2 protein chains.
Amino acid sequence: MAPTLAIVGATGAVGTVMIDIINNRETVPWGEIRLIASARSAGKKITVRGQEHTVVELAPEAFDGVDIALFDVPDEVSAQWAPVAAERGAIAVDNSGAFRMDPEVPLVVPEVNAEKANERPKGIIANPNCTTLSMMAALGALHREFGLRELVVSSYQAASGAGQEGIDRLQAEIAAVAGKGVGERAGDVAEALAAAGLPAETPFKAPLALNVVPWAGSRKDDGWTSEELKVRNESRKILGIPDLKVSATCVRVPVVTTHSLAVHATFEREVTVEQAHRLFEAQPTIVLQDDHDNGVFPTPAGVVGEDPTYVGRVRQALDFPNTLDFFVCGDNLRKGAALNTYEIAETLAK
Amino acid sequence: MAPTLAIVGATGAVGTVMIDIINNRETVPWGEIRLIASARSAGKKITVRGQEHTVVELAPEAFDGVDIALFDVPDEVSAQWAPVAAERGAIAVDNSGAFRMDPEVPLVVPEVNAEKANERPKGIIANPNCTTLSMMAALGALHREFGLRELVVSSYQAASGAGQEGIDRLQAEIAAVAGKGVGERAGDVAEALAAAGLPAETPFKAPLALNVVPWAGSRKDDGWTSEELKVRNESRKILGIPDLKVSATCVRVPVVTTHSLAVHATFEREVTVEQAHRLFEAQPTIVLQDDHDNGVFPTPAGVVGEDPTYVGRVRQALDFPNTLDFFVCGDNLRKGAALNTYEIAETLAK
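Residues numbered from 1 in each chain as written. Chains lettered and ligands numbered in written order. Predicted model: local features only at pLDDT ≥ 70, side-chain atom pairs only at ≥ 80, totals over all residues. Heavy atoms only, no water.

- By the naming in an unreviewed UniProt entry, chain A goes by Aspartate-semialdehyde dehydrogenase and is assigned to Saccharopolyspora antimicrobica.
- Of the comments in the UniProt record for chain A, the one headed Function (unreviewed entry) reads "Catalyzes the NADPH-dependent formation of L-aspartate-semialdehyde (L-ASA) by the reductive dephosphorylation of L-aspartyl-4-phosphate."
- In UniProt, chain A has this text filed under Subunit (unreviewed entry): "Homodimer." (UniProt positions renumbered as here; feature names shortened; annotations may be inferred.)

## Some details on the UniProt feature "binding site: substrate" (unreviewed entry) in chain A
Residue and element names in this part refer to chain A.
Stage number 1. UniProt marks Gln-157 and Arg-252 with the feature "binding site: substrate" (unreviewed entry), using the numbering shown here. These annotated residues cover 96 residues of sequence, and their C-alpha atoms all fall within 4.6 Å of one another, placing them together at a single site.
Stage number 2. Following the sequence through the fold, Gln-157 ends up in the loop between strand S9 (148-156) and helix H5 (163-177).
Stage number 3. Contact partners of Gln-157, with chain neighbours within four places excluded, come to Thr-131, Ala-216, Glu-227, Cys-250, Val-251, Arg-252, Val-253 and His-259.
Stage number 4. By secondary structure assignment, the location of Arg-252 is in the loop between strand S10 (245-249) and strand S11 (259-267).
Stage number 5. Overall, Arg-252 belongs to the buried group, its relative accessible area being 8%.
Stage number 6. Excluding residues within four positions of it along the chain, Arg-252 makes contact with Gln-157, Ala-158, Ala-159, Gly-161, Ala-162, Phe-204, Leu-208, Val-212, Val-213, Trp-215, Ala-216 and His-259.
Stage number 7. A polar atom in the side chain of Arg-252 sits 2.9 Å from the backbone oxygen of Ala-158. (Helix = DSSP H or I, 4+ residues; strand = E, 2+ residues; numbered from the N terminus. Contact = heavy atoms within 4.5 Å. Buried < 20%, exposed > 50% of the residue type's maximum accessible area, 1.4 Å probe, protein only. Polar contact = N/O pair within 3.5 Å; in protein donor to acceptor, adjacent residues only side chain to side chain.)

## Here we look at the interface of chain A and chain B
Stage number 1. Taken together, the 78 residues of chain A in the interface contact 78 residues of chain B.
Stage number 2. Counting the surface chain A buries against chain B, the share from its top three residues, A:Leu210, A:His292 and A:Asp319, is 11%.
Stage number 3. At the junction of chain A with chain B, the criterion picks out 41 residue pairs in polar contact (both at pLDDT 80 or more).
Stage number 4. In terms of residue class, the side of chain A that touches chain B is built from 41 nonpolar, 20 polar and 17 charged. (Buried area = accessible area lost by both parts, 1.4 Å probe. Nonpolar A, V, L, I, M, F, W, Y, C, P; charged D, E, K, R; others polar.)

## Here's the deal with the UniProt feature "active site" (unreviewed entry) in chain A
All names here are of chain A.
Stage number 1. According to UniProt, the "active site" (unreviewed entry) feature falls on Cys-130 and His-259. Separation in sequence by 130 residues is not matched in space for these annotated residues, since their most distant C-alpha atoms are only 7.9 Å apart.
Stage number 2. With respect to the secondary-structure elements, Cys-130 resides in helix H4 (residues 130-146).
Stage number 3. Residue Cys-130 is classed as buried on the basis of its relative accessible area, which comes to 14%.

## Overview of the packing of aromatic side chains
Residues and elements named next belong to chain A.
Stage number 1. This model, assessed by the stated rule, comprises 13 aromatic pairs over all chains.
Stage number 2. When the centroid spacing of 5.8 Å and the interplanar angle of 15 degrees are considered together, the rings of Phe-63 and Phe-71 count as stacked. Residues Phe-63 and Phe-71 agree in their burial class; the two are buried.
Stage number 3. Their ring planes at 70 degrees and their centres at 6.3 Å tell us that Phe-146 and Phe-267 sit as a pair that is edge-to-face. Of this pair, Phe-146 sits in helix H4 while Phe-267 sits in strand S11, placing them 121 residues apart in sequence. (Phe/Tyr/Trp six-rings, centres within 6.5 Å; stacked < 30°, edge-to-face > 60°.)

## Some remarks on the relation of the copies chain A and chain B
Stage number 1. Least-squares fitting of chain A to chain B yields an RMSD of 0.0 Å, with the transformation described by 0.0 Å of translation along the axis and a rotation of 180 degrees. Such a turn and shift between the copies fits a two-fold axis.
Stage number 2. Take the interface residues of chain A: 100% of them recur as interface residues in chain B, which is what a same-surface contact looks like. (Least-squares fit on C-alpha atoms with pLDDT ≥ 70 in both.)

## Details of the sheet that holds strand S5 (residues 56-57) of chain B
Residues and elements named next belong to chain B.
Stage number 1. Pairing within the open sheet is parallel, and its six strands lie in the order S5-S2-S1-S6-S7-S8. Among the strands making up the open sheet, the edge pair consists of S5 and strand S8 (124-126).
Stage number 2. The sheet contacts of helix H1 (residues 13-24) involve strand S1 (5-8), strand S2 (33-37) and strand S6 (68-71), and relative to S1 the element is tilted by about 150 degrees.
Stage number 3. Lying over the sheet, helix H2 (residues 75-87) contacts S6, strand S7 (91-94) and S8, oriented at roughly 175 degrees with respect to S6. (Pairing = 2+ DSSP bridges. Axes fitted to C-alpha atoms, helices over the stretch in contact; angles between N-to-C directions.)

## Considering helix H7 (residues 226-239) of chain B
Stage number 1. For H7(B), which comprises 14 residues, the first-to-last C-alpha distance of 20 Å matches the rise-based estimate of 20 Å (1.5 Å per residue) to within 8%.
Stage number 2. The buried count for H7(B) comes to eleven of 14 residues, which makes it a mostly enclosed element.
Stage number 3. Those residues of H7(B) that sit buried are B:Ser226, B:Glu227, B:Glu228, B:Leu229, B:Val231, B:Arg232, B:Glu234, B:Ser235, B:Arg236, B:Ile238 and B:Leu239.
Stage number 4. Tucked into the core, H7(B) has its buried residues touching strand S13 (309-316) of chain A together with helix H3 (110-113), helix H4 (130-146), strand S9 (148-156) and strand S10 (245-249) of chain B. (Expected span 1.5 Å × (residues − 1).)

## A short note on the sheet that holds S10(B)
Residues and elements named next belong to chain B.
Stage number 1. With respect to topology, six strands assemble into an open sheet ordered S10-S9-S11-S14-S13-S12, the strand pairing being mixed. The open sheet terminates on both sides in strands that have one partner only, identified here as S10 and strand S12 (286-288). The sheet shows a mean angle of 25 degrees between the axes of neighbouring strands, direction not considered.
Stage number 2. As paired strands, strand S13 (residues 309-316) and strand S14 (residues 323-330) are joined by five bridges and run antiparallel to one another. Among the inter-strand pairings, Gly-312 is bridged to a residue of S14, identified as Phe-327.

Next up, the structure:
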């Protein structure tokens, strides 16, 4: 019998993209599809593959008969409800941070470590953080051939990493600074936002329009942010390299959706640009945009809304042996969240 | 007798900032100040320290009696005219790329290598590229104590790196996308720019509003851009470390003015965050904004228009020995161009 799929958080930003992905697949392996959300959204009607569904309220009984439950809800909601889904017999695929570093929960990127999805003693599989995910297809392909040893990464992260609230805030800030000629005097952007009546409280800790903000996530020890430590710890777990050396600096930029990363990656063996190009071209989930002679490279606004990871600006480091520098763009709501979660479910359904 | 100062390119974006700096100094060591520009701007009246000056046309005689001539003009104009100024007895301080890598021309950042200003066989001193300059005060201070060995740098470069044309283009793009809800579908930003009637030709090779563009400067060999090679070669020359290992990725961001850099720097000796903080606090041209507990860090829109280099997010790398990660913001029109050029002139006048 065709398995039953549940989407928990079906009415959120990522849940909406999950439904869009399901609507655009040629075929899906599911029998029933069940949409689950908080009491506030229960009763809402959403059309999935031509059929109207009514959103049901999150409750233990909502998981009865469910084979795979995709979760995109806050950490504390996942922490409480993913085990409930698992108890009722579902495999929970969770996109929160609640279980990612749990040694009994695999952290899965299908094109890198699909086999890990079968080792899930808690009945829970975790989906990585969107920043880490943006570079995993590219690094997984390179690691298999050349043995990754070190990573220095700087991010250019989109506003939608902070959800719909982040998107709305950035768009409101852009409207507030447009035509004002600000950005040439310290604090004049902040003054323009205040003059437009935007609340001083923002998801970004500082103005994001006409600015970049070297802070993402929450405060951790020794000067690091949670986002920077996730890049380090999740990369190690997904790639299966417990001693991978990682330094990450996570920076928010005024882009709506799609995270970009400047990656400096050192391998056990020498790797040329041509070898890297061939690997990227052979990987169905990567699109190579790297024609240096004609100035072709990926940008977030050029690839947003697309499924693949886009890679370009591939260079052999001039002074570091066995090292590549490259630039990668990935839609943080798709491969960075909804798409990878859904691909894990597809892997399980096979 | 007080020396005569000339400003060549006095009516340009950087020339204007030079005059602003002169107007705001408590005292200046100059007797005459002479403003020089192309025929198009000659005859224009500009007030400097309360006195009206008439801009004179660039010509050999314009340098007669000049002791120090500051140049901010295109590379080819500098290449032709800085030697003319030197022949007529002036010291030319040049902010173009024409002479930076000439072994007979010193590349000077006063707080790092002021003594080099005295070795100028051609009568020419070069001012570094603005991206390199943004991190030099911080790296110079660290290098003196700990011995810099390796640098991995990602930039977040402002639109004004492409001059007034770059500023105007970014502001026009921001106006074109404001309130349009674009940035969620590939190419919709570019469509909004076209719909607003903006020319497809841009200084940035791609839309900059709601985007980041991993390209700055011109195409060089092996996948590198001129800007990335400048960061490498100029850092080596200024710091006097011919074998410094450098990888840079230069990315344009939708910020009006002030370049930011995420720096991963490896030293000969161990360096703690506390030691780095003390060095930065002791350096008069650096402002430390690094209160991790309270989320205090520099951003470009927060410090634009200010003279110092702002440093924050200082962290000891978790996996790389003797390595610091930090974030730096510097106004690319001030310390990155006009200010450092003027500071070289002040050093010479002493």
